[in-house]
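Here are the chains, one letter per residue:
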Amino acid sequence: MSDVMEARAMPKAARQVLSPVAEDETDQALMALAANRVVIEGVSPEIDGGRFAAKRYAGEALTVEADIFADGHDKIDAALLYRQGQGAEWREAPMSFIENDRWGATIAFAENGPAVFTIIAWRDLNATWRYEAKKKRDAGIDISLELTEGRELIEAAAKSGRGSDQDRQATQALFARLEELAGTGDKDGQYELLTAPDTVELLYKTGVRTNLSRYPLEVPVWVDRERAAFSAWYELFPRSQSGDPARHGTFDDVIRRLPDIKEMGFDVLYLLPIHPIGKTNRKGRNNSLKANENDPGSPYAIGSAEGGHDAIHSELGTFEDFARLVAAARDHGMEIAIDFAIQCSPDHPWIKQHPEWFDWRPDGTIKFAENPPKKYEDIVNVHFYRGALPSIWYALRDIVLFWVEKGVRIFRVDNPHTKPFPFWEWMIAEVRKVDPGAVFLAEAFTRPKLMKRLAKVGYNQSYSYFTWRNSKYELAEYLTELTQEECADYMRPNFFVNTPDINPVFLQTSGRPGFRIRLALAATLGGNYGVYSGFELCEYKPVPGKEEYLDSEKYEIRAFDWKREGNIRDDIAFFNRLRNAEPAMKSFTSLAFFQFWNDNVLYYAKRTPDRSSYLLFIVSLDPFNAQGGNFEVPLWEFGLPDNGSLKVESLASGEVFQWQGKTQHWWLNPQDRPYAVFRLSR
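Note that the structure is predicted; figures quoted are calculated from it, not measured.

Draft legend 1. Fine view of the UniProt feature "binding site: alpha-maltose 1-phosphate" (unreviewed entry) in the protein. In the numbering used here, UniProt assigns the "binding site: alpha-maltose 1-phosphate" (unreviewed entry) feature to Lys283, Gln343, Asp378, Asn415, Lys554 and Tyr555. Of the annotated positions mentioned, Lys283, Gln343, Asp378, Asn415, Lys554 and Tyr555 line the largest pocket. Mapping Lys283 onto the fold places it in the loop between β12 (268–271) and α10 (319–331). By relative accessible area, which is 4% here, Lys283 ends up buried. The contacts of Lys283, once residues within four sequence positions are left out, are Ser288, Leu289, Ala291, Asp295, Gly297, Lys375, Glu377, Asp378 and Tyr555.

Right, here's the structure in full:
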């Protein structure tokens, strides 16, 4: 027990033996404790006690709640303090009582970058006076003394120093007017003036905040630019864009494809690794251990005599060509994202320059990357500690900053869960000092807590389990977790429907309707979603028995007719137009599931708080059979009774009609259209 705590526990007689200095310190501590009379606890969002930042994007609503209460029956009030930018002044937003001592306020930060908030609360003697005076007056009790007390509260407010000069002058004028009324004996006039709405509003600005208490933490918030929370990704191998499997694609070939990709409505163009590819243990087609002379190898085997992570594979083009691609993409309303894969081919220059960054076997050979029983003979991994710390940390940070200088602001990071969490926390913070708008997507199909930790340490977006959630129960349960539990405040999933590494079983067996189903779910459930090129063509051929593509582009150059018969480009364009046109689509957490009496149909809404943008989605989960049934129209969300009616616009078909009553029926044929989208309005 500290000296101060011991002193608090001593009776007065015992305290008299303390030195004057010790007694003074004890009294100061006591007075500070006594002043902090109003309880503020249970603050949300507050990630791990403020250890990590909650996330919002610029302009997105942030609702802060807390349990706030005090002893006794006095009225209390509370306010949210928030600021953005080093040294900025605090701004204040009044908090409102919700229920059961829970208070809340909603704000939004305007700029991309770090921000903080905290909470203050106080005993509101002005509100207490109004409450008690009204009760006595309504009961016919004389309130002369209460009126005197009320005037004293106004006088104290006039002298408090709070508010603007204009507010203080208005409070002084109010007190003078009350004194005039008191002099004439006009009790009713005093009461009406003391309880007038304008007086209540003025006293919020100038009234004394008795026992002003402050939450001890400044809770961090990271404010992203909107692209971090709302984006549609198109992933491709640049080398497969020539249209000829015998010719290696170039950045110019990618530029020629931009109108085609923009036509589908994507805003992020994600390039698989664009660096030199090693030759040692190069993989052949279909991951063969033996490559032919013309096999291009896996682009994830990064590094050769031409250079490493800060170099470009020569057959793709030059840095000047890459700069033209970045500019051309921007002209088409897209950003370039690149792969940041922290792995090296055995030919990477770092191995000779920095052998201490790698693991070596007892026989002197370098250790290849492994995921037993898998072994990646064309790849070796760096390590982050021992002799590599801190030099490898700086080198990797500088690689990212190198590409930031080249105009790249979005990075998809390969297997981040196999690298230290402290590294990511440090590195992302370092990059944000240069560009607070940099976006990092964590490609981590791993354990849930690892995925969430990556989001906490700074990742703006995260891969998720969506790819393997197919049933109604699985989807509803998982999306409820992502949108309603604490992770909704810091983890933003990116619902990729497929990747070069993952050819889901559902897509292998469901035909074209299955691709349209998964597109509809990803594009409407997620704020961020992505497709790997070929999805629009319903490419599905697997390696037998595996979730892998046969003739994978990871190991060979391929060519496609991007508008061949059977494609789903129109569906993709429809959903991307919808996402950009409807404000309800901007919020991942605006999702709500409703009742549809068929386990093969998922039924849900996206809506703005004021219901001015309200969308309903009905998606069949069965790619083979027609499905339908009765469902509930959420009339209650519009304040309507069960027999109310709503205007309905079918956005996919263009029909406009009315739903009268709570229960309606719908039917979906997967060969026609396995989804329906409705805009509701009163």
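Further notes follow.
Draft legend 2. Structural view of the pattern of salt bridges. Throughout the structure, instances matching the rule amount to 51 salt bridges. Taking the shortest distance from any N to any O, the salt bridge between Arg56 and Asp489 comes out at 2.9 Å. Taken together, the residues Arg56 in strand β2 (residues 54–57) and Asp489 in the loop between α15 (472–484) and β19 (494–496) connect sequence positions 433 residues apart. One salt bridge connects Glu430 with Arg397, and the closest N-O pair in it is separated by 2.8 Å. Placement of the pair is Glu430 in helix α13 (residues 421–434) and Arg397 in helix α12 (residues 391–405), with a sequence separation of 33 residues. With respect to burial, Glu430 and Arg397 carry one shared label: buried. It is possible to trace a salt-bridge network through shared partners that takes in Arg257, Asp260, Glu263, Lys563 and Arg569.

Draft legend 3. The packing of α12 against α13, seen in detail. Between α12 and α13, the least distance of the axes is 10 Å, while the angle of their chain directions is 35 degrees. Crossing of α12 against α13: the hand is right-handed. Along its contact with α12, which presents Trp393, Tyr394, Leu396, Arg397, Val400, Leu401 and Val404, the element α13 presents Pro422, Phe423, Trp426, Met427, Glu430, Val431 and Val434. A per-class count over the contact of α12 with α13 returns 12 nonpolar, no polar and 2 charged.

Draft legend 4. Summary view of the confidence of the model for the protein. Looking at the protein as a whole, the pLDDT averages 95, with 97% of positions reaching at least 70. Segment residues 1–15: pLDDT under 50, and 12 contacts once partners within four positions in sequence are set aside and those in other chains are kept.

Draft legend 5. Representation of the layout of surface pockets in the model. The calculated volume of the largest pocket comes to roughly 1500 Å³. If you trace the largest pocket, you find 43 residues lining it, with Asn371, Lys374, Tyr376, Asn415 and Asp501 closest to the centre. Among the elements that take part in the lining of the largest pocket, strand β15 (residues 374–380) stands out by supplying 5 residues, more than any other. Split by residue class, the lining of the largest pocket holds 16 nonpolar, 12 polar and 15 charged. There is about 880 Å³ of room inside the second largest pocket. Every residue lining the second largest pocket is counted, 31 residues in all, and those nearest its centre are Arg56, Glu60, Ala61, Ser587 and Thr589. Broken down by secondary-structure element, the contributors of at least two residues to the lining of the second largest pocket are β2, β3 (61–69) and α15.

Draft legend 6. Highlighting unusual backbone geometry. Following Ser44, the chain continues into Pro45 via a peptide bond in cis, with omega recorded as 0 degrees. Assignment of secondary structure puts Pro45 in the loop between β1 (39–44) and β2. Note the cis peptide between Leu389 and Pro390, where omega equals 10 degrees. Within the chain, Asn100 stands out as a residue other than glycine whose phi angle is a positive 50 degrees.

Definitions and cut-offs
- Residues numbered from 1 in each chain as written.
- Predicted model: local features only at pLDDT ≥ 70, side-chain atom pairs only at ≥ 80, totals over all residues.
- Heavy atoms only, no water.
- UniProt positions renumbered as here; feature names shortened; annotations may be inferred.
- 1 Å grid on protein atoms, 1.4 Å probe; cavity = no way out; pocket = protein on both sides within 12 Å on 5 of 7 lines; lining within 4 Å.
- Helix = DSSP H or I, 4+ residues; strand = E, 2+ residues; numbered from the N terminus.
- Buried < 20%, exposed > 50% of the residue type's maximum accessible area, 1.4 Å probe, protein only.
- Contact = heavy atoms within 4.5 Å.
- Salt bridge = Lys/Arg side-chain N within 4 Å of Asp/Glu carboxyl O.
- Axes fitted to C-alpha atoms, helices over the stretch in contact; angles between N-to-C directions.
- Left-handed = near helix turned anticlockwise from the far one by under 90°.
- Nonpolar A, V, L, I, M, F, W, Y, C, P; charged D, E, K, R; others polar.
- pLDDT = per-residue confidence, 0-100.
- Points joined across faces, edges and corners; volume = space filled by probe spheres on them.

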